[in-house]
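# A structural walkthrough
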Amino acid sequence: MTDLPPGLGSGFDAELGLTYAEMTPDGGRATLTITDKLLQPWGIVHGGVYCAVVEWDRSTDEISTLLELTDFFDPYVYQPGDAQTGYATIKCGGEPDAEDWSHANSISLDADGNLIVGIRNLNAVAAFRVPWGSKRRFSNESSAELLWIVSNNSAWSNFTFDDDSSKFFMAHHVRARTDVTAPNQVFLTMFDNGDSRPECNFMADPHQPDMHCYSRGLEIMLDLETKVAKKVWQYT
């Protein structure tokens, strides 16, 4: 089967230059030509292709760039917070190894329309104010404003944690909620994967005793006034 589904390759794919050649029940083939607009300032591809957030107007099929993580996180500065998280190296057959730097893996909106982005390999969650409907075309320049970062790496976190048990490690599916009775607080729920938790050697045999490895459902509260993050509840 080589007939492509209608609309495949439009929208963000078209802006990136991603062209689909074949789709079958067993997989697909596509090509992507790396141009300057797909490169971050440091000359590698992750910022332009894999860590971009765009707004798509379905009625006009127009794409507007909202943000690129590498406009806010320098790969030479914002490295993972401990030796166990380090850049993950991806093996691509006989091709050169690729460095999985940020591994942003979740995006959602808070009650004010701000973007909440989970950045797994940096053990971080960041909030951005974006100009919805700005019609800004895809480019190397973000139009977003970074509001805050919460991370177990104090070098770039805007919050401190009340206790080590409140810290999260390589989280997934981060979502924000607010409470009308607590206007200066933001609540974040997530799946705390726990891979890089201290004393957890996640690259070793997970069945050996005393690994201190565990995952959990977690909610933390961010106090925007005191800049303290604390655990509300967990489920393990």
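For the structure shown, the criterion picks out three aromatic pairs. For the pair Trp-148 and Phe-159, a centre-to-centre distance of 5.9 Å together with 90 degrees between the ring planes defines the contact as edge-to-face. Linking Trp-148 in strand E10 (residues 145-151) with Phe-159 in the loop between E10 and strand E11 (160-161), this pair joins segments that are 11 residues apart in sequence. In this structure Phe-159 comes out as buried when scored by relative accessible area, which is 3%. Here the guanidinium or amino end of Arg-177 rests over the ring plane of Phe-187, the centre of that ring lying 4.2 Å away. Across the ring face of Tyr-214, the terminal group of Arg-197 is positioned such that the distance to the ring centre comes to 4.0 Å.

Moving on, we come to the confidence of the model for the protein. Across the protein, the average pLDDT comes to 79, with 75% of residues at or above 70. Note that pLDDT drops below 50 for residues 82-86; the model gives that stretch 14 contacts with residues more than four away or on any other chain.

Bringing the sheet that holds strand E9 (residues 124-129) into the picture now. Pairing is antiparallel in the open sheet, where four strands are placed in the order E7-E8-E9-E10. One side of each edge strand has no neighbouring strand; the edge strands of this open sheet are strand E7 (104-109) and E10. Sheet twist, expressed as the average angle between the axes of neighbouring strands with direction ignored, equals 20 degrees. Bridge count between E7 and strand E8 (residues 115-119): five bridges; the pairing is antiparallel. Paired with Ser-106 across the two strands is Gly-118, which belongs to E8.

Procedures and definitions
- Residues numbered from 1 in each chain as written.
- Predicted model: local features only at pLDDT ≥ 70, side-chain atom pairs only at ≥ 80, totals over all residues.
- Heavy atoms only, no water.
- Phe/Tyr/Trp six-rings, centres within 6.5 Å; stacked < 30°, edge-to-face > 60°.
- Helix = DSSP H or I, 4+ residues; strand = E, 2+ residues; numbered from the N terminus.
- Buried < 20%, exposed > 50% of the residue type's maximum accessible area, 1.4 Å probe, protein only.
- Lys NZ or Arg CZ within 6 Å of the ring centre and 35° of its normal.
- pLDDT = per-residue confidence, 0-100.
- Contact = heavy atoms within 4.5 Å.
- Pairing = 2+ DSSP bridges.
- Axes fitted to C-alpha atoms, helices over the stretch in contact; angles between N-to-C directions.

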